[in-house]
Amino acid sequence: QVQLVESGGGLVQPGGSLRLSCAASGRIFGINTMGWYRQAPGNQRDLDATITTIGTTNYADSVKGRFTISRDNAKNTVDLQMNSLKPEDTAVYYCNVARQPPGGYDYWGQGTQVTVSS
């Protein structure tokens, strides 16, 4: 059983920074994409950033230039460095690991709260 454990969320002022971390326990096989998604109350879950096994990244337009995703394949971790945070970034952030191509495993973490407020 693969479990994803997120950490690093919290309260930060606008313009501040947070670093989210996700650690996967258990074996994750094959080519996959690790990513971070957000879900604010009343909203759907939206992609923030993904990174492939070989390091190819994809970012939502709203976070380009502000967020950086990285992964450590040896440690089975994926991080999200969030800079220049805005109040609209407030959401629960979820870690995801999905088999590529889609159709295989698709794991989600429990979510970590990020609140950006003055």
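Residues numbered from 1 in each chain as written. Predicted model: local features only at pLDDT ≥ 70, side-chain atom pairs only at ≥ 80, totals over all residues. Heavy atoms only, no water.

Asks: An account of the sheet that holds strand E1 (residues 3–7) is needed here, citing residue identities and associated values.
Replies: Here four strands make up an open sheet; going across it, the order is E1-E3-E8-E7 and the pairing antiparallel. Of all strands in the sheet, those bounded by a partner on one side alone are E1 and strand E7 (67–72). Along the sheet, successive strands turn relative to each other by an average axial angle of 15 degrees, direction set aside. Of the pairings in the sheet, the one linking E7 to strand E8 (residues 77–82) comprises six bridges and is antiparallel in character. Paired with Arg71 across the two strands is Val78, which belongs to E8. (Pairing = 2+ DSSP bridges. Helix = DSSP H or I, 4+ residues; strand = E, 2+ residues; numbered from the N terminus. Axes fitted to C-alpha atoms, helices over the stretch in contact; angles between N-to-C directions.)

Asks: Which residues make up the packing of aromatic side chains, and what values do they have?
Replies: Taken as a whole, this structure holds two aromatic pairs when the rule is applied. For the ring pair Tyr37 and Trp108, a centre distance of 5.0 Å and an interplane angle of 65 degrees mean the geometry is edge-to-face. Residue Tyr37 is found in strand E4 (residues 32–39), and its partner Trp108 is found in strand E10 (residues 106–108); the two are separated by 71 residues along the sequence. By relative accessible area, which is 35% here, Trp108 ends up partly exposed. Considering the side-chain rings of Tyr105 and Tyr107, the 5.1 Å spacing of their centres and the 15 degrees angle between planes classify their relative orientation as stacked. Over the ring of Tyr94 we find Arg45; its NZ or CZ atom is 3.6 Å from the centre of that ring. A cation sits over an aromatic face here: Arg45 above Trp108, 4.8 Å from the ring centre. (Phe/Tyr/Trp six-rings, centres within 6.5 Å; stacked < 30°, edge-to-face > 60°. Buried < 20%, exposed > 50% of the residue type's maximum accessible area, 1.4 Å probe, protein only. Lys NZ or Arg CZ within 6 Å of the ring centre and 35° of its normal.)

Asks: Talk me through the side chain of Asp79; I want residue IDs and the actual numbers.
Replies: Of note, Asp79 is situated in strand E8. Side chain to side chain, Asp79 and Ser21 meet in a polar contact 3.0 Å long. Residue contacts for Asp79: discarding those within four places in its chain leaves Arg19, Leu20, Ser21, Cys22, Trp36, Thr68, Ile69 and Ser70. (Polar contact = N/O pair within 3.5 Å; in protein donor to acceptor, adjacent residues only side chain to side chain. Contact = heavy atoms within 4.5 Å.)

Asks: Hey, could you go over the pairing of strand E5 (residues 46–52) for me, with residue numbers and the actual values?
Replies: Both E4 and E5 contribute to a ladder of six bridges, which runs antiparallel. Paired with Thr33 across the strands is Thr52, a residue of E5. The loop that links E4 with its antiparallel partner E5 comprises six residues; one of these, Gly42, has a positive phi angle of about 80 degrees. Strand direction decides the pairing type here: E5 and strand E6 (residues 57–59), joined by three bridges, are antiparallel. Each residue of the ladder has a partner; that of Thr50, found in E6, is Asn58.

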